[in-house]
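# Geometric and topological summary
Here is how the chains run, residue by residue.
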Amino acid sequence: DITSIPPDVGGAAGPNHLMVTHNSGVRILSKAGVSISSVSLDNFWSPLGTFSNVYDPKVNYDPYSQRWRVTSCGNGESTTSCLLVAVSQSNDPTGSWYFYKIDADSTNTNWFDYPSFGFNKNWIIVTGNMFTVSANNFSYGKIWVLDKADFYSGGTGNFTAINSGSNGFTICPAVTFDSTINTEYLLQEWNGNSGGLGSIRLYTITGAIGSETLTPV
């Protein structure tokens, strides 16, 4: 049951299952809508230990490699803020998973909030906003470019962290279902609403795995 406000509900469909995430839990269903399993969000991330809070979960399904991915924020508004990432080991979300915890800020001065979650053939992309622990002021946008092959093999969790700067608020990566596209695209509301008009800013992530570059287009 959803008991958190806001619930932050998300979902994804695979070949045989549906997954629903929200701030209260994670549920796996059959394609007919029959509930197979349901756990609290804290229990889903329990292989990584315990957290003061876990929130903003997102889920998507990768048709290239037939894997599920879930992400959340952990320990918000604190110096131990972290990004949580889970990858299923097959197309069956009721089976085994790999779990990763990534320190949001090694300087312990900022905490991570409001993740967006995308991917393409090369990477898993998580973006979000960094706020100061001391005053809760927006500091900068951050992008984690995760080496998909490494995460899928249960590796060490290789990634490239990109600081998108003080203008990098809420950049959203694309969910790319075209297996021929190497470039990852991202969008951002750029200048709000002025007289009924506004702008969307386009970014790209390109480069070799481990040496990625963010470019405002």
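Notes on the structure follow.

Rules behind the numbers
- Residues numbered from 1 in each chain as written.
- Predicted model: local features only at pLDDT ≥ 70, side-chain atom pairs only at ≥ 80, totals over all residues.
- Heavy atoms only, no water.
- Pairing = 2+ DSSP bridges.
- Helix = DSSP H or I, 4+ residues; strand = E, 2+ residues; numbered from the N terminus.
- Axes fitted to C-alpha atoms, helices over the stretch in contact; angles between N-to-C directions.
- Core = buried A, V, L, I, M, F, W, Y, C linked by side-chain atoms within 4.5 Å.
- Buried < 20%, exposed > 50% of the residue type's maximum accessible area, 1.4 Å probe, protein only.
- Contact = heavy atoms within 4.5 Å.
- Phe/Tyr/Trp six-rings, centres within 6.5 Å; stacked < 30°, edge-to-face > 60°.
- Lys NZ or Arg CZ within 6 Å of the ring centre and 35° of its normal.
- Salt bridge = Lys/Arg side-chain N within 4 Å of Asp/Glu carboxyl O.

Here we take up the sheet that holds strand β12 (residues 159-165). The sheet built from four strands is open, its strands ordered β9-β10-β11-β12 with antiparallel pairing. The open sheet is flanked by β9 (110-119) and β12, the only strands paired with a single partner. The mean inter-strand angle of the sheet, taken between neighbouring strand axes irrespective of direction, is 25 degrees.

Attention shifts here to the nonpolar core. If you look at the biggest cluster of nonpolar residues, it comprises 20 residues, and the most contacted ones within it are Leu83, Val85, Phe112, Val126, Trp144, Leu146 and Phe151. When contributions to this core are tallied by element, the ones reaching two or more residues are β7 (82-88), β8 (97-103), β9, β10 (123-132), β11 (138-147) and α2 (148-152). Top contributing element to this core by residue count: β10, with four residues. With near-sequence residues (within four places) excluded, leucine 146 lies in contact with Val85, Ile102, Asn122, Trp123, Ile124, Val126, Phe151, Asn158 and Phe159. Ala12, Phe51, Val54 and Val59 belong to the second largest nonpolar core, which has 17 residues in total.

Here we come to the packing of aromatic side chains. Two numbers describe a pair of aromatic rings. These are the distance of the centres and the angle of the planes. What the rule picks out here adds up to 12 aromatic pairs. Relative to phenylalanine 138, the ring of phenylalanine 131 has its centre 5.9 Å away and its plane inclined at 70 degrees; by these criteria the two rings are edge-to-face. Residue phenylalanine 131 is classed as buried on the basis of its relative accessible area of 15%. Ring-pair connections join several aromatic residues into one group, and the members of that group are Phe44, Trp45, Trp97 and Phe99. The ring of tyrosine 114 has lysine 58 sitting right over it, with the charged end atom 5.6 Å from the ring centre. Over the face of the ring belonging to phenylalanine 119 we find arginine 69, whose NZ or CZ atom lies 4.3 Å from the ring centre.

This part covers the pattern of salt bridges. The tally for this structure, following the rule as stated, stands at two salt bridges. The salt bridge partner of aspartate 62 is arginine 69, with a shortest N-O separation of 3.9 Å. Residue class for aspartate 62 comes out buried when judged on its relative accessible area of 0%. Residues lysine 148 and aspartate 62 are paired through a salt bridge, measuring 3.1 Å at the closest nitrogen-oxygen approach.

Right, let's talk about the environment of aspartate 113 for a bit. Relative to the elements of secondary structure, aspartate 113 occurs in strand β9. Separated by 34 residues in the primary sequence, aspartate 113 and aspartate 147 have C-alpha atoms spaced 22 Å apart. When near neighbours in sequence (up to four residues on either side) are disregarded, aspartate 113 contacts Tyr55, Asp56, Cys73, Gly128, Asn129 and Phe131.

This part takes up the side chain of serine 30. With respect to the helices, strands and loops of the structure, serine 30 is situated in strand β3 (residues 25-30). Judged by relative accessible area, serine 30 falls into the buried class, the value being 18%. When near neighbours in sequence (up to four residues on either side) are disregarded, serine 30 contacts Asn16, Leu18 and Ile36.

Before going further, it helps to examine the sheet that holds strand β13 (residues 172-173). Pairing is antiparallel across the open sheet formed by four strands, whose spatial order is β13-β14-β15-β16. Strand pairing shows two members of the sheet lacking a second neighbour, β13 and β16 (213-216), which therefore form its edges.

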